Amino acid sequence: NAGVTQTPKFQVLKTGQSMTLQCAQDMNHNSMYWYRQDPGMGLRLIYYSASEGTTDKGEVPNGYNVSRLNKREFSLRLESAAPSQTSVYFCASTPLLGSPLHFGNGTRLTVT
Amino acid sequence: EDQVTQSPEALRLQEGESSSLNCSYTVSGLRGLFWYRQDPGKGPEFLFTLYSAGEEKEKERLKATLTKKESFLHITAPKPEDSATYLCAVQGNLYGGSQGNLIFGKGTKLSVKP
């Protein structure tokens, strides 16, 4: 049982490049989330999908887009990367609102 | 505004030296307070959920408690393997600033020396 799987684990981009971070969960969870974690900051919510077919903005959505491809997969896209997007990105899932989140092990992104 | 403050930022203990981590919160209608453990290079791992003031939960050397304003994570006789960053998060009601999503504190980095 893999839980929440994120790919890639590491990525280096140049300013202006685009990329998609992938996330898949095998727990049949309804809700999925994308967070970023920066030194000295708490985890901040970028976007979430309460259920298949829906997506909503979180606290820091600017510069990102998401796609809930199906119940298992939730991707995060950076259309034009900026150095301020250098961070560790975590995907999480939960069966329903109010239940604990299950996190992946993160994607470490550096934008130069 | 929903807010979570954790203290101290870092804590160094000797093996066997008990202590407590604090999580103070302000939230519109608390629906749950969550504690997570995060090891370096890993995602947060769920420890406890507390729902109402006076509630307590235990797991091995860890005990979490909740009041109307704060939560404590008590660590009894810690071991080096308890070294990690401990995160606190709160969930408010759907009509508050965070729309029912978790708001995380910045964490307390715990180091336990043998």
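Above this text is the structure in question.
Residues numbered from 1 in each chain as written. Chains lettered and ligands numbered in written order. Predicted model: local features only at pLDDT ≥ 70, side-chain atom pairs only at ≥ 80, totals over all residues. Heavy atoms only, no water.

Caption draft 1: Highlighting the pattern of salt bridges. Under the criterion given, the structure shown has seven salt bridges over all chains. Residue Asp82 of chain B is joined to Arg61 of chain B by a salt bridge in which the shortest nitrogen-to-oxygen separation is 2.8 Å. One end of the pair, Asp82 of chain B, is in the loop between β8 (70–75) and β9 (84–91); the other, Arg61 of chain B, is in the loop between β6 (56–59) and β7 (62–66), with 21 residues separating them in the sequence. Judged by relative accessible area, Asp82 of chain B falls into the buried class, the value being 6%. Three or more residues joined by partner-sharing salt bridges are found here, namely Arg36, Asp38 and Arg44 of chain A. (Salt bridge = Lys/Arg side-chain N within 4 Å of Asp/Glu carboxyl O. Helix = DSSP H or I, 4+ residues; strand = E, 2+ residues; numbered from the N terminus. Buried < 20%, exposed > 50% of the residue type's maximum accessible area, 1.4 Å probe, protein only.)

Caption draft 2: Just the state of the cysteines, in detail. As enumerated under the stated definition, the model contains two disulfides over all chains in all. One disulfide bridge connects Cys23 of chain A with Cys91 of chain A, the sulfur atoms lying 1.9 Å from each other. Disulfide Cys23 of chain A-Cys91 of chain A: torsion about the S-S bond near -70°, hence left-handed. With Cys23 of chain A in strand β3 (residues 19–25) and Cys91 of chain A in strand β9 (residues 87–94), this residue pair connects regions lying 68 residues apart in the sequence. The two residues Cys23 of chain A and Cys91 of chain A agree in class, both being buried. Between the sulfur atoms of Cys23 of chain B and its disulfide partner Cys88 of chain B the distance amounts to 1.9 Å. Judged by the sign of its S-S torsion, about -65°, the cystine formed by Cys23 of chain B and Cys88 of chain B is left-handed. Taken together, the residues span a long stretch of sequence, with Cys23 of chain B in strand β3 (residues 19–26) and Cys88 of chain B in strand β9 at a distance of 65 residues. On the accessibility criterion, Cys23 of chain B (0% relative accessible area) is buried. Cys88 of chain B gets classed as buried once you look at its relative accessible area, which sits at 0%. (Disulfide = S-S within 2.5 Å.)

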